Amino acid sequence: MLNRLTDRTVVLRKDYRSRYSKKMFDYRREVYERKLLSGKPRVIALAEGLKEFLETKEVDLSADDILAGHGQFLDWQYSNPGYYEEIEKLRENRELSEEQQHVLRQVEAGMRMRLYSRYPSGHVIPGYDRLLQTGYDRLIDSVKTALPCAKGERADFFQAALLTLQGAQNNILRYAQTARDLWREQEKAGRNAEQLHRIAVACEKVAHEAPVHFYEAVQLLWLAHEATTAEQICGSLSFGRLD
């Protein structure tokens with residue numbers, strides 16, 4: 001026989017759907033649409049959109065939460081180009097042979113007739129293992145080292161990577177501050193808030209450094225996944241093997 005669910009588990013399960021925020025969904029769309037009008041390279045504009053969203057969105061954290069992080073559907077736009085954009089870029093390549101151009105036309109025709117399709121994102125396992133091994137500070141330092149030597153689209157990529165990492169890092173620090181504020185409020189009210197203090201300490205650590213123990217690793221993984229689902233099709237992203 002299964003043991004009775006704890007009071008906290010009952011509350012969290014009950015609140016799961018009610019904590020979906022349509023306001024957050026609409027806010028993300030507003031930020032991204034505004035950034036796409038900036039005239040900057042697409043990859044940079046979208047990275048700026050993600051960074052601003054992560055740094056200014058509502059921080060959803062309750063006294064009953066075991067981990068910080070609010071994973072909800074936010075899909076509206078993602079950074080990879082659509083296949084028609086890719087085809088147009090390939091068509092500009094003057095080195096393509098006539099046979100290759102013919103294949104390209106056939107591929108485009110088949111896609112427009114819905115004979116087959118390909119989506120620019122989703123169904124992937126992000127490389128969380130590297131983040132867990134290095135932490136955000138070391139990843140940011142490696143990008144800053146590579147950026148001065150990069151040119152053209154490669155420079156745009158590194159600049160976008162830096163913006164994205166900084167946004168994800170600041171998102172964790174915002175959770176850390178919120179957890180500390182809630183912890184103090186609960187303590188003043190005479191309630192047990194040990195878990196909120198644990199969340200605050202873990203977030204302050206993993207916002208910069210690699211996790212040391214299991215709880216820190218799970219906290220970092222979940223917050224990194226929150227940032228990823230804020231930019232990608234969240235229904236087809238996987239954690240992979242947690243071990």
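For the structure itself, consult the block above.
Here's a quick rundown of the structure. Keep in mind the model is a prediction, meaning the values are calculated, not measured.

**What about the overall build of the protein chain?**
Of the regular secondary structure elements, the protein chain holds ten helices and zero strands. Listing the helices and strands of the protein chain from first to last along the sequence gives α-α-α-α-α-α-α-α-α-α. Residues classed as buried in the protein chain amount to 41% of the 243 residues present. Long-range contacts, defined as pairs at least 24 residues apart, comprise 72% of the intrachain contacts of the protein chain with a sequence gap of at least 6. For the protein chain, the accessible area works out to roughly 14900 Å², and carbon and sulfur atoms hold 54% of it.

**Examining the packing of aromatic side chains**
What the rule picks out here adds up to four aromatic pairs. Consider the rings of Y27 and F53, whose centres lie 6.0 Å apart with planes at 35 degrees: the pair is tilted. Taken together, the residues span a long stretch of sequence, with Y27 in helix α2 (residues 22-36) and F53 in helix α3 (residues 42-56) at a distance of 26 residues. Look at Y27 and you get partly exposed, because its relative accessible area is 27%. For the ring pair F157 and F158, a centre distance of 5.4 Å and an interplane angle of 65 degrees mean the geometry is edge-to-face. Among the aromatic residues, ring-to-ring pairing joins Y128, W222 and F239 into one connected group. One cation-aromatic arrangement involves R28 over Y32; the distance from NZ or CZ to the ring centre is 4.2 Å. A cation over a ring is seen here: R198 above Y215, with NZ or CZ 3.8 Å from the ring centre.

**Quick look at the packing of helix α8 (residues 152-188) against helix α9 (residues 194-206)**
Between α8 and α9, the least distance of the axes is 8 Å, while the angle of their chain directions is 155 degrees. Taken together, the axes of α8 and α9 lie roughly antiparallel to each other. When the axes of α8 and α9 are compared, the crossing they make is left-handed. Two secondary-structure elements touch here, α8 through I172, Y175, A176, A179, R180, L182, W183 and Q186 and α9 through L196, H197, I199, A200, V201, C203, E204 and V206. Of the residues assigned to the contact of α8 with α9, the class counts are twelve nonpolar, two polar and two charged.

**Some remarks on the pattern of salt bridges**
Summed over the entire model, instances satisfying the criterion amount to 13 salt bridges. With its nearest N and O atoms 3.4 Å apart, the salt bridge here joins D26 to R29. Placement of the pair is D26 and R29 together in helix α2, with a separation of three residues, close to one helical turn. You can call D26 partly exposed: its relative accessible area is 27%. Residue R29 is classed as partly exposed on the basis of its relative accessible area, which comes to 32%. Close ionic contact of E48 with K40 constitutes a salt bridge, the shortest N to O distance being 2.7 Å. For E48, a relative accessible area of 16% puts it in the buried group.

**Observations regarding α3**
Relative to the 21 Å expected for 15 residues at 1.5 Å per residue, α3 spans 21 Å between its end C-alpha atoms, a close match to the ideal helical length. All of the buried residues along α3 are I44, A45, L46, A47, E48, G49, L50, K51, E52, F53 and L54. In this structure, the buried side of α3 is in contact with α2, α8 and α10 (214-229).

**Examining empty space enclosed by the protein**
As enumerated under the stated definition, the model contains one cavity of 30 Å³ or more in all. Quantified by volume, the largest cavity comes out at close to 30 Å³. By residue class, the composition of the lining of the largest cavity is five nonpolar, one polar and two charged.

**A closer look at helix α5 (residues 98-112)**
Its 15 residues place the ends of α5 21 Å apart at the C-alpha level, agreeing with the 21 Å of an ideal helix rising 1.5 Å per residue. All of the buried residues in α5 are Q101, L104, E108, G110 and M111. Backbone geometry just after α5 places R114 at a positive phi near 65 degrees.

**Observations concerning the nonpolar core**
Counting residues in hydrophobic clusters, the biggest one holds 44 residues, and the most contacted among them are L61, A68, Y136, I172, I199 and C203. For this core, the elements supplying multiple residues, two or more each, are α2, α3, α6 (128-134), α7 (136-146), α8, α9 and α10. With eleven residues, the top contributor of residues to this core is α8. If we skip the residues at most four places from it in the chain, L61 touches R19, L67, A68, Y175, T178, A179, L182, L196 and I199.

Thresholds applied
- Residues numbered from 1 in each chain as written.
- Predicted model: local features only at pLDDT ≥ 70, side-chain atom pairs only at ≥ 80, totals over all residues.
- Heavy atoms only, no water.
- Helix = DSSP H or I, 4+ residues; strand = E, 2+ residues; numbered from the N terminus.
- Buried < 20%, exposed > 50% of the residue type's maximum accessible area, 1.4 Å probe, protein only.
- Contact = heavy atoms within 4.5 Å.
- Areas by Shrake-Rupley, 256 points an atom, 1.4 Å probe, with all protein chains shown as cover.
- Phe/Tyr/Trp six-rings, centres within 6.5 Å; stacked < 30°, edge-to-face > 60°.
- Lys NZ or Arg CZ within 6 Å of the ring centre and 35° of its normal.
- Axes fitted to C-alpha atoms, helices over the stretch in contact; angles between N-to-C directions.
- Parallel < 35°, antiparallel > 145°, perpendicular 65-115°, else oblique.
- Left-handed = near helix turned anticlockwise from the far one by under 90°.
- Nonpolar A, V, L, I, M, F, W, Y, C, P; charged D, E, K, R; others polar.
- Salt bridge = Lys/Arg side-chain N within 4 Å of Asp/Glu carboxyl O.
- Expected span 1.5 Å × (residues − 1).
- 1 Å grid on protein atoms, 1.4 Å probe; cavity = no way out; pocket = protein on both sides within 12 Å on 5 of 7 lines; lining within 4 Å.
- Points joined across faces, edges and corners; volume = space filled by probe spheres on them.
- Core = buried A, V, L, I, M, F, W, Y, C linked by side-chain atoms within 4.5 Å.

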